[in-house]
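Commentary on secondary and tertiary structure
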Amino acid sequence: MQMAASKDNTTLLSSNFAIQLLFLRSFPLNQHDRRNTMTIPLSTRCRMLAEATLMLTAVMLCSTVWTATTPNAFGQSQVPQDRWEKVTIDEIEIGYGLQIEDVNGDKKPDIILADKSTVQWYENPTWQKHVIAKDLTERDNVCIAATDIDGDGRCEIAVGGQWNYRESVKDGAVHYLIAPSDRSQPWSPVKLYNEPSTHRMHWISGPDGSKRLAVKPLRGKGSVDGDGAGLKLLEYLPPKDPRSDWTHEVICDFLHLSHNFHPVNWDDDPEEELIVAAKEGVWHFDRTRGEGGPSKWKSTQLTSEFAGEIRDGKLPDGRRFIVAIQPMHGSVAAAYREPESNAQTWELCKILSESLKDGHALACADFLGVGYDQIVVGWRAMNDPGVPGIKLFTPLDPNGNHWRENQLSGDEIAVEDIKIGDLDQDGQVDIIAAARQTKNLVILFNRTISPK
Ligand SMILES: [Ca+2]
Ligand SMILES: [Ca+2]
Ligand SMILES: [Ca+2]
Ligand SMILES: [Ca+2]
């Protein structure tokens, strides 16, 4: 991959050089150059222009070969080929949960990781590691959420832990971490209430613009195999002093076996809604305002297949899609588009893959710079053993019925979690992958030559 990226850079550099040469030789840029050029006979100038044009044409032909594209079935004639430069930044234990946020307030996004027994952040651009919490619970950490909740440009962090896969009565934990003035030093944990089986968390925007912490267990209390009590998805309201009591409210209590969820904002109010993947399919939860008192959440079923991972994006025709891994730790990645009417469940566009091994991560963004989203799918091949991998799926028609599939990595990254963001701030969305069996933390820098 690195070789491919460097080839592309060489092509770009050569191309720029040829263009500059063409301009310099044909159209001198300043008075001095113009005077000098006027002394060159016309026939020589014509030959120089022809030479430069030839060189530019050759480089453009070369560039076309090296930056392969795929024809699509609508307006754009070509979809660019994605290119990635992989950089391993650490050896880790499991890599449960990633976030990309600015930790130290230098406006460069840092990488935050909840590993087995530690919480650490990696400082952009050196990726120097700072461990900020250790052994918060007796058992493993399992999830992490970071965002700037007080508006000072530096993120706040919460962590889920005491992870115990099939236990659903006593284990689980939620901690908020208070940052010291030097954020590379250990942070102070504050233990919050938790439901058993804590598994995923997100900071979400409320109606007043404040950030709240949504925390979702995997299982309902005392429920192991998806029957009995539903799991309680909770919203915690941070108090002014995080060491004082945090209140919490129930967002939903009827789903089972929910591996992941995702904040969305599909309507015209500023607060975020949630999409939740569970045994009962994918559900959307929208806050409705009551007269004072706690929020109530309206639930809408989007799909019916047991789903483990869930994300959303935009198709080339502008319609919304969701993508799910089915079932939990499943082999299927399926994309659905928004229906015309609210009364319907979402329409299947495409089964993107049926051969994932232990599918564990999804991310959607416009990695190629084409004006609509593509889907990253990662699988770890642990509970269903085999070869892990990361693939990128790109829609090739307006409705998302046809997709291009590209492999980004193979057995070198056993994906536990993936997050995306522009880590090197070059305008292209990058990928960070934390891997379990291969124990590596890898950035995939996006080196696509996009049409923009
Ligand atoms: Ca930073
Ligand atoms: Ca902050
Ligand atoms: Ca909203
Ligand atoms: Ca980038």
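Residues numbered from 1 in each chain as written. Chains lettered and ligands numbered in written order. Predicted model: local features only at pLDDT ≥ 70, side-chain atom pairs only at ≥ 80, totals over all residues.

Concerning the sheet that holds strand β11 (residues 188-192)
- What the 4 strands build is an open sheet, ordered β8-β9-β10-β11; its pairing is antiparallel. On the outer flanks of this sheet lie β8 (143-147) and β11, each paired with one strand and no other. Along the sheet, successive strands turn relative to each other by an average axial angle of 25°, direction set aside.
- As judged from the 5 bridges shared by strand β9 (residues 156-161) and strand β10 (residues 173-178), these two strands associate in the antiparallel manner. Counterpart to glycine 160 in the pairing with β10 is valine 174. (Pairing = 2+ DSSP bridges. Helix = DSSP H or I, 4+ residues; strand = E, 2+ residues; numbered from the N terminus. Axes fitted to C-alpha atoms, helices over the stretch in contact; angles between N-to-C directions.)

Thoughts on unusual backbone geometry
- Here the bond from asparagine 124 into proline 125 is cis, since omega is 5°, no more than 30 degrees from zero.
- Across the junction of glutamine 326 and proline 327, the peptide omega takes the value -20°, indicating a cis bond.
- You can see proline 327 is positioned in the loop between β21 (320-326) and β22 (332-337).
- With a phi angle near 55°, alanine 381 is a residue other than glycine that sits in the positive phi range.
- Checked against the element boundaries, alanine 381 lands in the loop between β25 (374-379) and β26 (389-395).

Some thoughts on the nonpolar core
- The biggest cluster of nonpolar side chains holds 106 residues, and the ones touching the most others in it are Val276, Val282, Ile322, Val323 and Ala433.
- When neighbours within four sequence positions are excluded, valine 282 is seen to be in contact with Ile275, Val276, Ala277, Leu302, Thr303, Ala307, Ile310, Ile322 and Ala324. (Core = buried A, V, L, I, M, F, W, Y, C linked by C-beta atoms within 7 Å. Buried ≥ 20, exposed ≤ 12 C-beta atoms within 10 Å, placed from the backbone. Contact = placed C-beta atoms within 7 Å.)

Overview of the pairing of strand β30 (residues 440-446)
- Judged by how many residues are buried, β30 sits mostly within the fold: 6 of 7 residues are covered.
- For strand β3 (residues 84-91) and β30, the ladder comprises 7 bridges, and the chain directions are antiparallel. Note that in β30 the partner of threonine 88 across the bridge is valine 442.
- Looking at chain direction, strand β29 (residues 430-435) and β30 are connected through 4 bridges and run antiparallel. When the sheet's bridge partners are listed, isoleucine 431 is paired in β30 with leucine 444.

Remarks on the sheet that holds β3
- Read across the open sheet, the 4 strands follow the order β3-β30-β29-β28; overall the sheet is antiparallel. The strands lining the two open edges of the sheet, one partner per strand, are β3 and β28 (415-421). Taken pair by pair, the neighbouring strands of this sheet meet at an average axis angle of 20°, ignoring direction.

Thoughts on the environment of isoleucine 275
- Position of isoleucine 275 among the secondary structure elements: in strand β17 (residues 273-278).
- Sequence separation of isoleucine 275 and aspartate 286 is 11 residues, and the distance between their C-alpha atoms is 9.1 Å.

Structural notes on the confidence of the model for the protein
- In the predicted model, the protein carries a mean pLDDT of 87, and 83% of its residues have values of at least 70.
- Confidence drops under a pLDDT of 50 for residues 1-40, and excluding neighbours within four residues, the segment shows 44 contacts in the predicted structure.
- Below a pLDDT of 50 lies the segment residues 52-67, which in the model reaches 25 contacts outside its immediate sequence neighbourhood of four places, other chains included. (pLDDT = per-residue confidence, 0-100.)

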